[in-house]
Amino acid sequence: SQTIHQWPATLVQPVGSPLSLECTVEGTSNPNLYWYRQAAGRGLQLLFYSVGIGQISSEVPQNLSASRPQDRQFILSSKKLLLSDSGFYLCAWSVGLAGNEQFFGPGTRLTVL
Amino acid sequence: TQLLEQSPQFLSIQEGENLTVYCNSSSVFSSLQWYRQEPGEGPVLLVTVVTGGEVKKLKRLTFQFGDARKDSSLHITAAQPGDTGLYLCAGEYAGGTSYGKLTFGQGTILTVHP
């Protein structure tokens with residue numbers, strides 16, 4: 001069966017510090033991978049998605065970047081965090097077939113102080 | 001930009017009552033999913049609908065996809081406190097270059113009181 005991991009689960013960082021959030025998927029090959037940000041109790045905003053190694057599409061201009069160094073690894077980064085980067089970050093995967101069902105990780109709660 | 005308008009944003013009901021959550025758009029979607037999310041966790045997929053007019057049932061939950069594939073509804077019968085959570089609809093736009101991407105509604109926060 002497929003599983004998706006995210007770490008860390010929670011993170012408190014000062015403004016201006018770097019960021020690295022990691023997401024890995026097990027039990028599937030060549031998945032589509034996604035990074036979302038969610039405001040408290042609201043819908044999800046797509047930040048980045050990837051259909052293969054080294055292939056990254058950015059959805060919104062922002063202070064963040066993403067990389068996919070391996071087939072089942074997706075990393076969200078920032079060189080200098082802003083207060084507005086605080087939020088709940090979710091990684092998801094799909095197999096890209098009809099229906100595009102996406103399966104989410106447990107999320108990372110990021111607080112920038 | 002394809003938008004999904006979800007309503008209501010908040011719903012507070014007593015155990016045993018029925019409720020319906022709506023998801024509407026002016027765009028056609030090739031598929032639509034409903035997710036449920038608990039605080040501090042990732043969303044969990046409940047159902048996917050792909051055919052216009054399709055109805056799916058999951059115990060006390062009934063999901064419907066509009067005939068024109070522009071809207072969907074989630075109906076819960078005899079709600080229980082365990083149904084409490086954030087419900088999200090999400091659709092894959094049928095046109096353009098949106099392959100593999102989902103558009104999410106704003107979510108409905110449901111609270112069922114014992």
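Before any of the text, the structure's been laid out above.
The numbering scheme is per chain: residues are counted from 1 as the chain's sequence reads. As a convention, the first chain written is A and the first ligand written is 1, with the rest following in written order. With the structure being a predicted model, the display of local features is reserved for residues of pLDDT at least 70 and the display and counting of side-chain atom pairs for 80 or more, all residues being used for whole-chain, interface and lining totals. The side-chain numbers reported here are obtained from all heavy atoms of the structure, hydrogens and water having been left aside.

Enquirer: So, the overall build of chain A: which residues are in play, and what are the values?
Expert: Secondary structure counts use DSSP, requiring at least four H or I residues in a row for a helix and at least two E residues in a row for a strand, with both numbered from the N terminus. Along the backbone of chain A there are zero helices and eleven strands. Listing every helix and strand of chain A by position from the N terminus yields β-β-β-β-β-β-β-β-β-β-β. The globule rule is 2.2 Å times the number of residues to the power 0.38, and the radius of gyration it is compared with is taken over C-alpha atoms. Relative to its length of 113 residues, chain A is compact, with a C-alpha radius of gyration of 13 Å against a globular reference of 13 Å. The dimensions of chain A, computed from C-alpha atoms along their principal axes, are 40 × 30 × 25 Å. Throughout this description, buried means an accessible area under 20% of the type-specific maximum (1.4 Å probe, protein chains only), exposed means over 50%, and partly exposed covers the range between. Within chain A, the proportion of its 113 residues that are buried is 50%. Residue contacts follow a heavy-atom distance rule, with two residues in contact if any of their heavy atoms lie within 4.5 Å. A separation threshold of at least 6 residues defines the contact pool for chain A, and within that pool the share at least 24 residues apart is 54%. For the area figures, the Shrake-Rupley method with a 1.4 Å probe applies, and any residue is considered shielded solely by the protein chains shown. Carbon and sulfur atoms make up 56% of the accessible area of chain A, which totals about 5,200 Å². Here the positive residues are Lys and Arg and the negative ones are Asp and Glu; neither His nor the chain ends is included. Here the site of a charge means atom NZ of a Lys, CZ of an Arg, CG of an Asp or CD of a Glu. Within chain A, one finds 7 positive and 6 negative side-chain charges whose respective centroids are separated by 10 Å.

Enquirer: How would you summarise the pattern of salt bridges if you had to cite specific residues and measurements?
Expert: Salt bridge, as used here: a side-chain nitrogen of Lys or Arg that lies within 4 Å of a carboxyl oxygen of Asp or Glu. Going through the model one piece at a time under the given rule, you end up with six salt bridges over all chains. Glu59(A) is the salt-bridge partner of Lys101(B), the closest N and O atoms lying 3.2 Å from each other. Taken as a pair, Lys101(B) in the loop between β9 (85-93) and β10 (103-104) and Glu59(A) in the loop between β6 (55-58) and β7 (65-70) lie in two separate chains rather than in one. Look at Lys101(B) and you get buried, because its relative accessible area is 16%. Assessed through its relative accessible area of 31%, Glu59(A) is described here as partly exposed. Among the ionic pairs, Asp83(B) bridges to Arg60(B), the shortest N-O distance being 2.9 Å. Here Asp83(B) is found in the loop between β8 (71-76) and β9, whereas its partner Arg60(B) is found in the loop between β6 (55-58) and β7 (61-65), with 23 residues between them in sequence.

Enquirer: Quick rundown of the interface of chain B and chain A? Include the residues and the values.
Expert: On the side of chain A, 22 residues touch chain B, which itself brings 25 residues to the contact. As a working definition, buried area equals the accessible area (1.4 Å probe) given up by two parts on being put together, with both sides summed. For the chain B and chain A pair, buried surface summed over both sides reaches about 1,800 Å², with 52% attributable to carbon and sulfur atoms. Between the two partners, chain B and chain A, sit one salt bridge. Only β4 (29-37), β5 (44-49) and β9 of chain B provide two or more residues apiece to the side of chain B that touches chain A. The biggest single contributor to the side of chain B that touches chain A is β4(B), with four residues. Under the convention adopted here, Pro, Cys and the residues Ala, Val, Leu, Ile, Met, Phe, Trp and Tyr are nonpolar, Asp, Glu, Lys and Arg are charged, and Gly plus all remaining residues are polar. The class makeup of the residues in the side of chain B that touches chain A is eleven nonpolar, eleven polar and three charged.

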